[in-house]
Amino acid sequence: MEKLLHGKRWDVPRIEGYSERVIPRFISEDYRVHFRISKDMFETIHEAIQPKLIFEHRGGNEQISPRKQLLLFLCYMANNETFRELGQYFGVGKSTAHVCIARVLEAFCEIFLDIIQWPSLQRQDELSREIQLLHMLPNIIGAIDGTHIRLSSCPSNDNDYYNRKGFPSMQLQLVVDNTLKILDVYSGWPGCTHDARVLRNSSLCRRAEGGELFGPNKVIVGDSAYPVKNWLITPFKDNGHLSARQRRFNKALSSFRQAVERTIGHVKGRFRRVRELTIHEPKQIVLTILAGCILHNLCIIAHEDIDLYIDRDNDNHPNNYVNIFQNDVGGVEIRQQMMANLP
């Protein structure tokens, strides 16, 4: 007869020894298959985060080791299994898996936040030279774009999370360089929000307008959803009467902007948790998105294989808005000069 406690079974069978006996036999390729990172990267992360995952034991079940906590978290980020399924793999209960993942998520984002960093003035000079060699346009250091992170439901039943394609989502704004490294990340706005409004409310915009971010003449590029500024250049609006030089400029700009689209495809393709989030607390949603971006940058820095994991992101522009804010005169002049100087 099954043992019951208050009408519930308390000796639920679970898989035992997966993290203790099976995973230690994994080679690096096994780590990539199951956790989407190499074994060396796992050990680097574990060494840095381990002190944050040791907590005071107050009786009850034996404390879960930092290594097992991290493995559980990485398995969560790499896959779409439920907390119940993840708990089964690692021999813990559903609620324990949830608490463990939340603890590691917060510690991971705190420790590795500096992996996403705006480039120094010297690095901006290097980036602009590299990008000009490939795309013929001078002074560009990065590309900006927004994407939507699908949610299983609207937080707090707020219908503002529904975008124009009819599914709930949270906005993610990224700036990336030519190596696909993320330079800036901003998330939290509901899915109905215009990309340009997200930008306008970001620290990126405030600091750029205050002259804090960009070296002399340096700019980033974006699509037509954004306004033209002296630090943000977008394509000429195609009204059917563009000149040959304007079309050529737009093509060169579009060629480089693919970097941010590929970055979004890699984040969602490699760390599949970011494809659709089933959690409901906005802070946890934002932290999970941030963790996916940090993991992406770790892969870029470690020269991990990128192309193998890039996924086509069909939800990239569900709103398909056009720019709603006025273009800056200074930015329009810079765009004209960039077009005129095309070789």
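Rules and cut-offs
- Residues numbered from 1 in each chain as written.
- Predicted model: local features only at pLDDT ≥ 70, side-chain atom pairs only at ≥ 80, totals over all residues.
- Heavy atoms only, no water.
- UniProt positions renumbered as here; feature names shortened; annotations may be inferred.
- Helix = DSSP H or I, 4+ residues; strand = E, 2+ residues; numbered from the N terminus.
- Buried < 20%, exposed > 50% of the residue type's maximum accessible area, 1.4 Å probe, protein only.
- Contact = heavy atoms within 4.5 Å.
- Areas by Shrake-Rupley, 256 points an atom, 1.4 Å probe, with all protein chains shown as cover.
- Lys, Arg positive; Asp, Glu negative; His and termini not counted.
- Charge placed at Lys NZ, Arg CZ, Asp CG, Glu CD.
- Pairing = 2+ DSSP bridges.
- Polar contact = N/O pair within 3.5 Å; in protein donor to acceptor, adjacent residues only side chain to side chain.
- Core = buried A, V, L, I, M, F, W, Y, C linked by side-chain atoms within 4.5 Å.
- Axes fitted to C-alpha atoms, helices over the stretch in contact; angles between N-to-C directions.
- Parallel < 35°, antiparallel > 145°, perpendicular 65-115°, else oblique.
- Nonpolar A, V, L, I, M, F, W, Y, C, P; charged D, E, K, R; others polar.
- Salt bridge = Lys/Arg side-chain N within 4 Å of Asp/Glu carboxyl O.

The name given to the protein chain in an unreviewed UniProt entry is Nuclease HARBI1, and the organism recorded there is Mytilus edulis. The Cofactor (unreviewed entry) field of the UniProt record for the protein chain holds the comment "a divalent metal cation". Per UniProt, the protein chain has the following entry under Subcellular location (unreviewed entry): "Nucleus".

Turning next to the overall build of the protein chain. Scanning the protein chain for helices and strands turns up twelve helices and eight strands. If one aligns the C-alpha atoms of the protein chain with their principal axes, the spans along those axes are about 80 × 40 × 35 Å. For the protein chain, buried positions account for 50% of its 343 residues. Taking contacts inside the protein chain between residues at least 6 apart in sequence as the whole, the part at least 24 apart equals 69%. Summed over its atoms, the accessible surface of the protein chain is roughly 17,400 Å², and 48% of this surface lies on carbon and sulfur atoms. Computing the positive centroid from 43 side-chain charges and the negative centroid from 40, the protein chain places the two 3 Å apart.

Mapped onto this numbering, the UniProt entry gives "domain: Transposase Helix-turn-helix" (unreviewed entry) at residues 65-110. End C-alpha atoms of residues 65-110 are separated by 20 Å, and the span's content is 83% helix alongside 0% strand.

Let us now look at the UniProt feature "domain: DDE Tnp4" (unreviewed entry) in the protein chain. According to UniProt, the feature "domain: DDE Tnp4" (unreviewed entry) maps to residues 144-297 in the numbering used here. Taken end to end, residues 144-297 is 36% helix and 21% strand, and its first and last C-alpha atoms sit 16 Å apart.

Across six bridges, strand E4 (residues 169-176) lies against strand E5 (residues 182-190) in antiparallel orientation. Within E5, the residue paired with Val175 across the bridge is Asp184. Remark: five residues form the turn of the hairpin made by E4 and E5, two consecutive strands paired antiparallel; Leu180 in that turn has positive phi of roughly 75°.

Of note, Glu130 is situated in helix H7 (residues 121-135). Overall, Glu130 belongs to the partly exposed group, its relative accessible area being 31%. With sequence-adjacent residues up to four places away left out, Glu130 is seen in contact with Arg123 and Asn178. A polar contact is formed between the side chain of Glu130 and the side chain of Asn178, at a distance of 3.1 Å.

In terms of nonpolar packing, the biggest core is built from 82 residues, with Phe73 and Phe108 touching the most fellow members. A per-element tally of this core places helix H11 (residues 282-301) first, with eleven residues. Aside from chain neighbours lying at most four places away, what touches Phe73 is Ile101, Val104, Leu105, Phe108 and Ala291. In terms of nonpolar packing, the next biggest core, distinct from the first, is built from 16 residues, Ile141, Leu199, Leu204 and Phe214 among them.

Within the element layout of this structure, Ser224 appears in the loop between strand E6 (219-221) and strand E7 (232-233). Judged by relative accessible area, which is 46%, Ser224 ranks as partly exposed. Sequence separation between Ser224 and Glu130 is 94 residues, and the spatial gap between their C-alpha atoms is 24 Å.

This part covers the packing of helix H4 (residues 66-78) against H11. The interhelical angle for the contact between H4 and H11, taken along N-to-C directions, is 95°, at an axis separation of 11 Å. Here H4 lies roughly perpendicular to H11, going by the angle between them. Here H4 contributes Phe73, Leu74, Tyr76 and Met77 to the contact with H11, which in turn contributes Thr288, Ala291, Gly292 and Leu295. A class-by-class count of the residues in the contact of H4 with H11 yields six nonpolar, two polar and no charged.

Quick look at the pattern of salt bridges now. Enumeration over the complete set of coordinates arrives at 14 salt bridges. A salt bridge links Lys218 to Asp125, with the shortest nitrogen-to-oxygen separation between them at 3.0 Å. With a gap of 93 residues between them, Lys218 in the loop between helix H9 (203-209) and E6 and Asp125 in helix H7 connect regions that are remote in the sequence. Taken together, the shared-partner salt bridges in this structure form one network comprising Glu29, Arg32, Arg270 and Glu304.

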